[in-house]
Amino acid sequence: MAYGGETRSSYGLFSKRPCRENKVKTQRPSRMVAALVLAGFSCLTVTPILAAERLTVRLGPVERSASVSDLERFVKTGKLSRELEVFGPFLTQGVRQALDSRLELDSKIAEGIVEDLLSSPQGQRLLAALLLVFPEQTAEEIKMALQLAFAKANGLSLLGILKAFPGENVTVDLTATLAVASRINTSYWETQIARSIIKRELTVDGAAFKPTNLDPTALGPFSVQEETLTFSDRQRQRSIAADIYWGQNQRNRSDSAVRDNPLVVMSHGFGSDRTSLSYLARHLASHGITVVALEHPGSNKQWLDNLPLTINPSELLPPGEFADRPQDVSFVLDELAKLNRQGDNPSLPSFNTEKVVAIGHSFGGYTALALAGARPNLEELKQFCQRSLPVGRAPADWLQCAAVGENTSRLPEMRDRRIVGVVALNPTAGKIFGNKGLQSTAVPTLFFSTTEDAWAPAVSHQLQPFLGIPEPKYLVTAFSGSHFSFTEPDSPNPFQSKSTEELEPPAAQTEPLRQLVGGIAIAFIQQHTPQAKTYAPFLTPAYAEYRSTAEIPLRLNTEIPSRLARWLEAREETIGQR
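Quick summary incoming for the structure in this document.

Criteria and cut-off values
Throughout, residues of each chain are indexed from 1 in the direction in which the sequence is written. A pLDDT threshold of at least 70 governs which residues receive local features in this predicted model, and a stricter bar of 80 or more applies before side-chain atom pairs are shown or counted, although totals over entire chains, interfaces and linings include all residues. To obtain the side-chain values, all non-hydrogen atoms of the structure were included, while hydrogens and water were left out. Secondary structure is summarised from DSSP: a helix means a run of H or I of at least four residues, a strand means a run of E of at least two, and numbering begins at the N terminus for each. Three labels apply to residues, based on accessible area from a 1.4 Å probe with only protein chains included: buried if under 20% of the type maximum, exposed if over 50%, partly exposed otherwise in between. What sets the accessible areas is the Shrake-Rupley method with a 1.4 Å probe; for residues, cover comes only from the shown protein chains. Only the contacting stretch of a helix is used when fitting its axis, a line to C-alpha atoms as for every element, and angles between N-to-C directions run 0 to 180 degrees. For classification purposes, an angle smaller than 35 degrees is called roughly parallel, one larger than 145 roughly antiparallel, one from 65 to 115 roughly perpendicular, and anything else oblique. Take the far helix as the reference: if the near one is turned anticlockwise from it by less than a right angle, the crossing is left-handed, and if turned clockwise, right-handed. Residue contacts are defined here by distance: any two heavy atoms, one from each residue, within 4.5 Å place the two residues in contact. Asp, Glu, Lys and Arg are counted as charged, while Ala, Val, Leu, Ile, Met, Phe, Trp, Tyr, Cys and Pro are counted as nonpolar; the rest, among them Gly, fall into the polar class. The pairing criterion for strands is at least two bridges between them, as found by DSSP. Definition of nonpolar core: a set of buried residues of the types Ala, Val, Leu, Ile, Met, Phe, Trp, Tyr and Cys, connected through side-chain atoms within 4.5 Å. Handedness is read with the strands pointing away from the viewer; a crossover is right-handed when the path from the first strand over the helix to the second is clockwise. Pairs of cysteine sulfur atoms within 2.5 Å are what we label disulfides. Just to be clear on terms, a salt bridge is a Lys or Arg side-chain nitrogen sitting within 4 Å of an Asp or Glu carboxyl oxygen. For Phe, Tyr and Trp, rings pair up if their centres lie within 6.5 Å, where Trp contributes its six-membered ring, and each pair is then called stacked (planes under 30 degrees apart), edge-to-face (over 60) or tilted (otherwise). Two conditions define a charge located above a ring, namely a distance within 6 Å from the ring centre to NZ of Lys or CZ of Arg, and an angle within 35 degrees of the ring normal.

### Some words on the overall build of the protein
- For the protein, the count of helices and strands is 22 helices and 14 strands.
- Split into buried and exposed, the 578 residues of the protein put 58% on the buried side.
- Summed over its atoms, the accessible surface of the protein is roughly 24900 Å², and 50% of this surface lies on carbon and sulfur atoms.

Below, the structure written as C-alpha cells:
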C-alpha cells in the first residue's frame, strides 16, 4: 500500500499516482422571520430586461411597500432610504450580507440546469415552496424567473430572482417563507447543481457489468459473533467502549483467506454512538472481516445529551476532540495488539492491527481521514469561520468551526501508518483540512455522498474535498437519501426531531443504499488482499449503474467531471476572495 512515494503492496487496483495539485442573541419573532427569509433566499445578481421595481412585503396582517432599487442601494452602501426605514429593525448587517451572497455559476454549466432541477422531486418541492412565498405569481412566472436568473448567471442572488419576475411589483409572504427558508440555502442548491452535472455526464451502460455468482451485497458464509470490550486510556482519562464483530463457522473460505483480510475500525458521527454502522459491521463480519466499532466519549450521544440547552453552536464540543478522536483509534489498535500477544481471551479473534481500514460516518469521516494523513489547517479554518455567515452554515460547518479554540493554533500529528484505506460516509471534510491538507492523505480512499444531505452538504464537504485527495480514490454518489441514509436506522440521530422526521426518507426506501455500502466496502477492502482482481468489477462505474434504480440512481467515479471540476475550482476562488 502506498505511503508517500513508497509502495507496500501490489494488490489490485491501487497504485500511487501524483497528487493534484460570538454567541447568537435571541431575537424577537418578527426579526427572526425577516432574517431567515432574506438569508434563506440568498442563493438565488442578474438584471432582466423587464425588472420588477417594487416589493410588497406581507407579515401576517401587516403589509408594506418598498423600492427594489432602494434595497439594492442598501446592499451596496448599508444606507436605508426613507421607504426602507420602516424595515430598519429587520435589515441588519447580517441580512445585508445575506442579500449580497451569490451562487457563482458559469453560463455554460447553467444550460439545462433549471429544467433538470424542476423536473426532479427536489425541484417540485422548491416550486411549491416558491408559490407560497410569492403568492401573486404563477408557477410559469416562477419558472421563467428562475430560467432568466440562471441564464444571466453573473452570480445568483435573492435580488436577482426578485427582479426577474414580470411586472412592476413582487409580493413576498414572509409568514409562508418562514416554513420553507431552511430548505432553500446556498449549500443545498449548490449540491443540486452538482447533482445535475454528475447525473448527466457520468451515465454509463449498466449492461457492461456482467453479474456472476459472487454478490458482495449478500450476506457471507460466516455466522457473526459479537462482544463488547472497554479500554481505559489513563493518560487522556478516556474510557473507550468497542463492539467487536467477527465471523465463525466458515464454510467456503480458508483460514489463510480470513487472515489476509484487513481489520476494520469504525468511527461514528457527532452525537451518535458505536451502533451507528452496526448493519455494516455485521455484513463485513459475515464475509470473514473482523470489525471494531468504537465509541468516542467526547462527542457521542451521551456527551450531546449532557450539553446545556443554551449552548452556543461554536461550543458543541471542545477543540481537543479533533485530536482525541483519531487518538482513540490509535489507542484501541495498540490495546488490540497487546491482546494478540497475550492470548488471554481465546474466544476473541486475532486482530490484524498492522493492516487496518478505517470507516467513518460524518465526523467519523474526518477521523478516518486524519488517521490516513490528512492535515487540518486551523488558520484557514479560522478565516472561514470568521467570514462565513451563521445563517448560511450547515451543521457540519458549525461542527468543524469548534476546532478553532482560543488556545489552539495547530493539532498534533494524527496519522497512523497502520491505516491502509479509508471509507468515508458523508464525511465532514469541508474546511477543516484547508485547501491542501487532503493532499497528504496517504492511502486509497472511498467517499460516499448523498445529494439530499442538508447537514454536511455534498458540494462543500465531499465533492470539493474529493478534488484534493490523491489517487487512488473513489466517489459513490447516491441521488437520493439524506445524511443518515448510510447509518443504522435505529441508531441515534442528533438532528432527529418531530419537526424533521418528514425530511428523512423511510428506512425501507434507503435499504438499497445500505446494501450498496456493504458490497462496495467489501470490494474496496479486498483490494488489500490476494482477492483484489476478483472484487475489482464491483469498484467500477458500470457496477454502480447496474445497481441503480429509478428511485435511487447511483454513480461511481474516480475523478470529478471536467465541467463540475471547473465550477468547483471557480467557486473555491470566489469564496477565498470574499
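Back to the write-up after that little detour.
### Concerning the packing of helix α14 (residues 321–342) against helix α15 (residues 363–371)
- Axis separation between α14 and α15 bottoms out at 9 Å; the angle between their running directions is 70 degrees. In terms of their interaxial angle, α14 and α15 are classed as roughly perpendicular. Here the hand of the crossing between α14 and α15 comes out right-handed. Of the residues in α15, those touching α14 at E321, F322, R325, P326, V329 and S330 are F363, G364, Y366, T367, A370 and L371.
- In the contact of α14 with α15, the residues fall into 7 nonpolar, 3 polar and 2 charged.

### Notes on the side chain of S286
- The residue S286 is located in helix α12 (residues 278–286) in this model.
- Classification of S286 as buried rests on a relative accessible area of 2%.
- S286 has contacts with L219, G220, P221, F222 and V224, leaving out every residue within four places of it along the chain.

### Brief notes about the sheet that holds strand β6 (residues 223–233)
- With mixed pairing, the 9 strands of this open sheet are ordered in space as β6-β7-β9-β8-β10-β11-β12-β13-β14. Only two strands of the sheet have a single neighbouring strand rather than two, namely β6 and β14 (554–557). Direction aside, the axes of adjacent strands within the sheet are offset by 15 degrees on average.
- In this sheet, strand β9 (residues 291–294) lies alongside strand β8 (residues 263–267) in parallel orientation, the contact comprising 4 bridges. Residue pairing in the sheet places S267 in a bridge with L294 of β9.
- Across the sheet, α14 lies against β6, β7 (238–248), β8, β9, β10 (356–361) and β11 (419–425), angled at about 115 degrees from β6, the strand it touches most.
- Packed on one face of the sheet, α15 meets β8, β10, β11 and β12 (445–450) and runs near 150 degrees to β10.

### Section: α12
- α12 sits mainly inside the fold: 8 of its 9 residues count as buried.
- Taken together, the buried positions of α12 are S278, Y279, L280, A281, H283, L284, A285 and S286.
- Residues of α12 that are buried sit in contact with β6, β7, β8, β9, β10 and α19 (507–525).
- One or two steps after α12, the chain reaches G288, where phi turns positive at roughly 85 degrees.

### A word on the nonpolar core
- Formed by 68 residues in total, the largest nonpolar core has its most connected members in V292, F322, Y366, L463, I560 and L564.
- If one sorts the elements of this core by residue count, α14 sits on top with 7 residues.
- If we ignore the near neighbours within four places in the chain, the residues touching L463 are A194, I198, A458, L475, I560, L564 and L568.
- Counting 42 residues, the second-largest nonpolar core is a separate cluster that includes M266, L284, L513 and L556.

### Focus on the pairing of β8
- Most of β8 is tucked away: 5 of the 5 residues are buried.
- Taking every second residue as pointing to the same face, both faces of β8 are buried, with L263, V265 and S267 on one and V264 and M266 on the other.
- Crossover connection from β8 via α12 to parallel β9: handedness right-handed.

### A short note on the state of the cysteines
- For the structure on display, the rule yields 1 disulfide.
- The side chain of C385 participates in a disulfide bridge whose partner is C401; the two sulfur atoms lie 2.0 Å from each other. The S-S bond linking C385 to C401 shows a torsion near -100 degrees; that makes this disulfide left-handed. Of the two residues, C385 sits in helix α16 (residues 378–387) while C401 sits in helix α17 (residues 395–401), which places them 16 residues apart along the sequence. When sorted by exposure, C385 lands in the same class as C401, which is buried.

### Details of the environment of E379
- By the element assignment, E379 lies in helix α16.
- Sequence separation between E379 and I432 is 53 residues; the distance between their C-alpha atoms is 9.5 Å.

### Some points on the environment of V224
- Checked against the element boundaries, V224 lands in strand β6.
- Residues V224 and L284, 60 residues apart in the sequence, show an inter-C-alpha distance of 9.2 Å.
- Discounting residues that sit within four places of it in the chain, V224 has contacts with Y245, W246, R282, A285 and S286.

### Side note on the packing of α12 against α19
- Following both chains from N to C, one finds α12 and α19 inclined at 45 degrees, their axes separated by 10 Å at the closest point. In terms of orientation, α12 lies oblique with respect to α19. Seen from above, α12 lies across α19 with right-handed handedness. For the pair formed by α12 and α19, the contact residues are Y279, L280, H283 and L284 on the first element and R514, V517, G518, G519, A521, I522 and I525 on the second.
- Residue composition of the contact of α12 with α19, by class: 7 nonpolar, 3 polar and 1 charged.

### Brief notes about the pattern of salt bridges
- Within the structure shown, the criterion is met by 17 salt bridges.
- Counted as one network, the salt bridges with shared partners bring together D233, R236, R238, E321, D324 and D328.

### Structural notes on the packing of aromatic side chains
- Under the definition given, this model contains 13 aromatic pairs.
- When the centroid spacing of 5.1 Å and the interplanar angle of 90 degrees are considered together, the rings of F538 and Y543 count as edge-to-face.
- Judged by its relative accessible area of 2%, Y543 falls in the buried class.
- One aromatic cluster in this structure is built from F209, Y535, F538, Y543 and Y546.
- Lying over the aromatic face of F466, K473 brings its terminal NZ or CZ to 4.6 Å of the ring centre.

### Things to note about unusual backbone geometry
- For the peptide bond that leads from E471 to P472, omega is 0 degrees, which places it in the cis range.
- Locating P472 in the fold gives a position in the loop between α18 (458–467) and β13 (473–478).
- One non-glycine residue with positive phi stands out, namely Q237, at about 55 degrees.
- Here Q237 lies in the loop between β6 and β7.
- Of note in the backbone geometry, S362 takes a positive phi value of approximately 60 degrees without being a glycine.
- Within the element layout of this structure, S362 appears in the loop between β10 and α15.

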